[in-house]
Amino acid sequence: MKKLALLGALALSVFSLASLADEKPLKIGIEAAYPPFASKAPDGSIVGFDYDIGNALCAEMKVKCVWVEQEFDGLIPALKVRKIDAILSSMSITDDRKKSVDFTKRYYLTPARLVMKDGTTVSDSLDELKGKKIGVQRGSIHDRFAKEVLAPKGATIVPYGTQNEIYLDVAAGRLDGTVADATLLEDGFLKTDAGKGYAFVGPSFTDAKYFGDGIGIAVRKGDALKDKINTAIDGIRANGEYKKIQDKYFNFDIYGPDAQ
């Protein structure tokens with residue numbers, strides 16, 4: 001009887017290990033050059049709001065997170081060829097992107113803003129941008145907005161691989177300014193030494209044609225993972241985990257009004 005019990009316990013142990021081995025980790029694509037949402041700590045680890053939210057969602061879904069770093073404009077191609085299972089990298093939910101991927105409900109919502117030298121006047125008409133060089137992150141929603149809205153006002157739009165490269169050229173005077181997410185600009189540039197002497201100028205940009213319905217998590221078309229992540233988003237908002245992460249980085253409700 002003891003031998004049978006021992007064999008049964010061993011069989012159960014082997015079965016459990018096999019089951020764990022069969023569970024595939026969730027590979028999440030992220031660009032770690034977008035503070036305070038995602039950046040690299042001195043030890044090389046990823047830190048930021050997006051990273052913490054992703055880990056919280058994986059914990060809620062009881063799956064292991066594996067983070068895959070990728071430049072922003074390579075994230076959707078990486079998703080399509082199954083290098084990653086989801087994109088959690090401050091990606092705006094837009095009709096154009098919906099042609100290629102499915103999105104979860106939003107997990108935050110902030111406007112876009114222009115940053116230029118403090119004291120620069122930019123009216124709602126944006127006419128003052130004529131002759132100005134504005135940096136944008138290549139492949140971002142701000143790239144399309146700048147080319148279709150700011151360029152016709154006479155601005156020269158200069159694309160870059162990362163937002164950090166743009167900050168360097170703004171501070172060096174090679175650019176007159178940049179347009180990006182307001183929270184990103186405030187924490188990643190205006191609050192830093194390099195951002196001294198610069199400020200938000202002009203109006204806030206929220207046109208859904210360009211900025212969509214907030215920031216969501218992208219998955220492959222038709223993937224059931226979308227519903228699982230939506231349930232997990234609701235879960236971390238209900239149990240207080242979302243607010244705990246939010247309060248670590250922001251002093252306001254970044255999820256925004258009219259929860260979806």
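Residues numbered from 1 in each chain as written. Predicted model: local features only at pLDDT ≥ 70, side-chain atom pairs only at ≥ 80, totals over all residues. Heavy atoms only, no water.

Details of the environment of K105
Here is step 1 of the chain: Summarising the element assignment, K105 is placed in the loop between β6 (102–103) and β7 (112–117).
Here is step 2 of the chain: The sequence separation of K105 and I215 amounts to 110 residues, and the corresponding C-alpha distance is 8.2 Å.
Here is step 3 of the chain: There is a polar contact of 2.8 Å between the side chain of K105 and the side chain of D234. (Helix = DSSP H or I, 4+ residues; strand = E, 2+ residues; numbered from the N terminus. Polar contact = N/O pair within 3.5 Å; in protein donor to acceptor, adjacent residues only side chain to side chain.)

What to know about the side chain of D169
Here is step 1 of the chain: Inspection of the secondary structure assignment puts D169 in helix α6 (residues 163–171).
Here is step 2 of the chain: With sequence-adjacent residues up to four places away left out, D169 is seen in contact with Y160, R174 and L175. (Contact = heavy atoms within 4.5 Å.)

Let's talk about the side chain of D143
Here is step 1 of the chain: Within the secondary structure layout, D143 lies in helix α5 (residues 141–150).
Here is step 2 of the chain: Contacts of D143, omitting those with residues within four sequence positions, involve V136, Q137 and R138.

Some points on the sheet that holds β7
Here is step 1 of the chain: One open sheet holds the five strands; their spatial order is β9-β8-β10-β7-β11, and the pairing between them is mixed. For this open sheet the edge positions go to β9 (156–160) and β11 (198–205), each flanked by a neighbour on one side alone. Put simply, the sheet's adjacent strands are angled 30 degrees from each other on average, direction ignored.
Here is step 2 of the chain: Two strands pair when backbone bridges link them, and strand β8 (residues 133–137) and β9 are joined in this way by five bridges, in the parallel orientation. Bridged to K133 within β9 is T156.
Here is step 3 of the chain: The strands touched by α6 are β8, β9, β10 (177–181) and β11; relative to β10, the strand with the most contacts, the crossing angle is about 150 degrees.
Here is step 4 of the chain: Most of the contacts of helix α7 (residues 182–190) go to β10, to which it runs at about 125 degrees, and overall it touches β7, β10 and β11. (Pairing = 2+ DSSP bridges. Axes fitted to C-alpha atoms, helices over the stretch in contact; angles between N-to-C directions.)

Remarks on α7
Here is step 1 of the chain: With seven of nine residues buried, α7 lies mostly within the body of the structure.
Here is step 2 of the chain: Within α7, burial applies to A182, T183, L184, L185, G188, F189 and L190.
Here is step 3 of the chain: The elements touched by buried residues of α7 are β7, α6, β10 and β11.
Here is step 4 of the chain: Two or three places before T183, at the start of α7, stands the capping residue D181, its side-chain oxygen 2.9 Å from that residue's backbone nitrogen. (Buried < 20%, exposed > 50% of the residue type's maximum accessible area, 1.4 Å probe, protein only.)

What to know about the UniProt feature "domain: Solute-binding protein family 3/N-terminal" (unreviewed entry) in the chain
Here is step 1 of the chain: In the numbering used here, UniProt assigns the feature "domain: Solute-binding protein family 3/N-terminal" (unreviewed entry) to residues 25–253.
Here is step 2 of the chain: The distance from the first to the last C-alpha atom of residues 25–253 is 31 Å, and the span holds 34% helix and 25% strand. (UniProt positions renumbered as here; feature names shortened; annotations may be inferred.)

Focus on the nonpolar core
Here is step 1 of the chain: Counting 46 residues, the largest nonpolar core has F49, L57, Y107 and Y108 as its most contacted members.
Here is step 2 of the chain: A total of six residues in this core trace back to one element, the largest contributor, which is helix α2 (residues 49–61).
Here is step 3 of the chain: In this view, Y108 contacts Y34, F37, F49, D50, S90, D181, G214, I215, Y242, I254 and Y255; residues no more than four positions away in its chain are not counted.
Here is step 4 of the chain: By size, the runner-up hydrophobic cluster in this structure holds 19 residues, among which are V122, I134, I141 and A155. (Core = buried A, V, L, I, M, F, W, Y, C linked by side-chain atoms within 4.5 Å.)

Topic: the packing of aromatic side chains
To describe a pair of aromatic rings, one takes the distance between the centres and the angle between the planes.
Here is step 1 of the chain: Scanning the entire structure with this criterion turns up 19 aromatic pairs.
Here is step 2 of the chain: Plain terms: the ring middles of F49 and Y108 are 5.9 Å apart, the flat faces sit at 80 degrees to each other, and that makes the pair edge-to-face. Taken together, the residues F49 in helix α2 and Y108 in the loop between β6 and β7 connect sequence positions 59 residues apart. Just as F49 is buried, Y108 falls in that class too.
Here is step 3 of the chain: Through successive ring pairs, a cluster of aromatic residues spans Y34, F37, F49, Y107, Y108, Y242, Y249, F250 and Y255.
Here is step 4 of the chain: Between the NZ or CZ atom of R106 and the centre of the ring of Y255, over which it lies, the distance is 4.5 Å.
Here is step 5 of the chain: Positioned over the ring face of Y242 is R237, at 5.3 Å from the centre of the ring. (Phe/Tyr/Trp six-rings, centres within 6.5 Å; stacked < 30°, edge-to-face > 60°. Lys NZ or Arg CZ within 6 Å of the ring centre and 35° of its normal.)

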